[in-house]
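Close look at the chain arrangement
Here's the letter readout for the chains.
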Amino acid sequence: MNEEQGLRAPGRIGLSQSGFIATVTIENPGRRNALTVAMWEALQAVFADLRQSETLRCVVLRGAAGNFAAGADISEFEQVRATREQVTEFHEQCVSGALRAIHDLPVPVIALIEGACAGGGLEIASVCDLRIAGRGARLGIPIR
């Protein structure tokens, strides 16, 4: 599932490194950093690449512009989550792969939580080794 299949793909996963510390940033600020399918896939790829580093000692995972991540980008729901089968595929292919890549990293991953941290964003934070939440953090899982 990507832009070639007709999905709009705003947002990105940023990566910077200073010395032994990498910072991974969820960037889709117009949507409180809600993750598109492409972003879930990029998150998994970034953590797979980080796993190869021999000098890395710690990863800080954060959101851009005052929010951690508001979950999955609902603008894609009609294309990727309209049926039970699509929801299952989305979680098995996109979400669980990214969560596993974060969880299995052999160095500590610290979630720096500000603002919205809901749904998939809270799932991401929960697989990190340490979570640090600011006073303005709002955590939740939507009930359907």
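Heads up: these notes are all about the structure in this document. Along each chain, numbering runs from 1 in the same order as the chain's sequence is written. Where local features are concerned, this predicted model is filtered to residues with pLDDT of at least 70; where side-chain atom pairs are given and counted, the filter is 80 or more; whole-chain, interface and lining totals use all residues. Water and hydrogen atoms play no part in the side-chain values, which are based on all heavy atoms of the structure.

1. Thoughts on the nonpolar core
Threshold: Put simply, buried Ala, Val, Leu, Ile, Met, Phe, Trp, Tyr and Cys residues joined by side-chain atoms within 4.5 Å make one nonpolar core. Using a 1.4 Å probe on the protein chains alone, a residue whose accessible area is under 20% of its type maximum counts as buried, one over 50% counts as exposed, and one in between counts as partly exposed. A helix here means a DSSP run of H or I that spans at least four residues, while a strand means a run of E at least two residues long, and both kinds are numbered starting from the N terminus. Residue contacts are defined here by distance: any two heavy atoms, one from each residue, within 4.5 Å place the two residues in contact.
Membership of the largest hydrophobic core comes to 37 residues, with the highest contact counts inside it found for W40, L43, F47, V59, L61 and I124. For this core, the elements supplying multiple residues, two or more each, are strand 2 (21–27), helix 1 (37–51), strand 3 (58–63), helix 3 (84–103), strand 4 (109–113) and helix 4 (120–127). In this view, I124 contacts I26, L35, W40, L43, L61, F68, L99 and I102; residues no more than four positions away in its chain are not counted.

2. Some details on unusual backbone geometry
The phi torsion at R32 lies on the positive side, around 55 degrees, for a residue other than glycine. Tracing the backbone through its elements, the reader meets R32 in the loop between strand 2 and helix 1. R32 gets classed as partly exposed once you look at its relative accessible area, which sits at 49%. Phi is positive for N33, close to 65 degrees, though the residue is something other than glycine.

3. Focus on the packing of aromatic side chains
Heads up, the condition is: For this analysis, a ring pair means two rings from Phe, Tyr or Trp (six-membered ring only for Trp) whose centres lie within 6.5 Å, classed as stacked if their planes differ by under 30 degrees, edge-to-face if by over 60, and tilted for the remaining angles. When the NZ atom of lysine or the CZ atom of arginine is within 6 Å of a ring's centre and also within 35 degrees of its normal, the charge is said to sit over that ring.
Scanning all chains against the criterion turns up zero aromatic pairs. The residue whose ring lies beneath R81 is F77, and the NZ or CZ to ring-centre distance is 4.1 Å.

4. Observations regarding the packing of helix 3 against helix 4
How we decide: To get an axis, fit a line to the C-alpha atoms, keeping to the stretch in contact for a helix; angles then go from 0 to 180 degrees between the N-to-C directions. Oblique is the label for any angle not under 35 degrees, not over 145, and not in the 65 to 115 range, which are roughly parallel, roughly antiparallel and roughly perpendicular in turn. Helix crossings get a hand from a simple test, with the near helix turned counterclockwise from the far one by less than a right angle marking a left-handed crossing and a clockwise turn marking a right-handed one. Just so you know the grouping, Ala, Val, Leu, Ile, Met, Phe, Trp, Tyr, Cys and Pro go in nonpolar, Asp, Glu, Lys and Arg go in charged, and all remaining residues, Gly too, go in polar.
At their nearest, the axes of helix 3 and helix 4 sit 8 Å apart, and the two run at 30 degrees to each other. With respect to helix 4, the axis of helix 3 lies roughly parallel. Handedness of the helix 3/helix 4 crossing: right-handed. For the pair helix 3 and helix 4, the contacting residues are H91, V95, L99, I102 and H103 in the first and E123, I124 and V127 in the second. The residue makeup of the contact of helix 3 with helix 4, split by class, is five nonpolar, two polar and one charged.

5. A look at helix 1
As a reminder of what qualifies: Under the convention used throughout, the expected extent of a helix is 1.5 Å for every residue step, that is, one less than its residue count.
The first and last C-alpha atoms of helix 1 sit 22 Å apart over 15 residues, in line with the 21 Å expected at 1.5 Å per residue. All buried positions along helix 1 are accounted for by V37, M39, W40, L43, V46, F47 and L50.

6. Points about the environment of A34
Residue placement: A34 occurs in the loop between strand 2 and helix 1. Taking the C-alpha atoms as reference points, A34 and A69, separated by 35 residues in sequence, lie 5.4 Å from one another. In this structure, A34 is in contact with N28, M39, A70, G71, A72 and D73, ignoring residues within four places of it in sequence.

7. What about the pattern of salt bridges?
Note the following rule: Salt bridges are defined by distance alone: a side-chain nitrogen of Lys or Arg within 4 Å of a carboxyl oxygen of Asp or Glu.
Tallied over the entire structure, the rule returns three salt bridges. E27 is paired through a salt bridge with R12; the nearest N and O atoms lie 2.9 Å apart. Separated by 15 residues along the polypeptide, E27 in strand 2 and R12 in strand 1 (residues 12–18) bring together distant segments of the chain. When its relative accessible area of 22% is taken as the criterion, E27 is described as partly exposed. Note that D73 is salt-bridged to R31, the shortest N-O span being 3.4 Å. Note that D73 is positioned in the loop between strand 3 and helix 2 (77–80) and R31 in the loop between strand 2 and helix 1, a separation of 42 residues in sequence. On the accessibility criterion, R31 (33% relative accessible area) is partly exposed.

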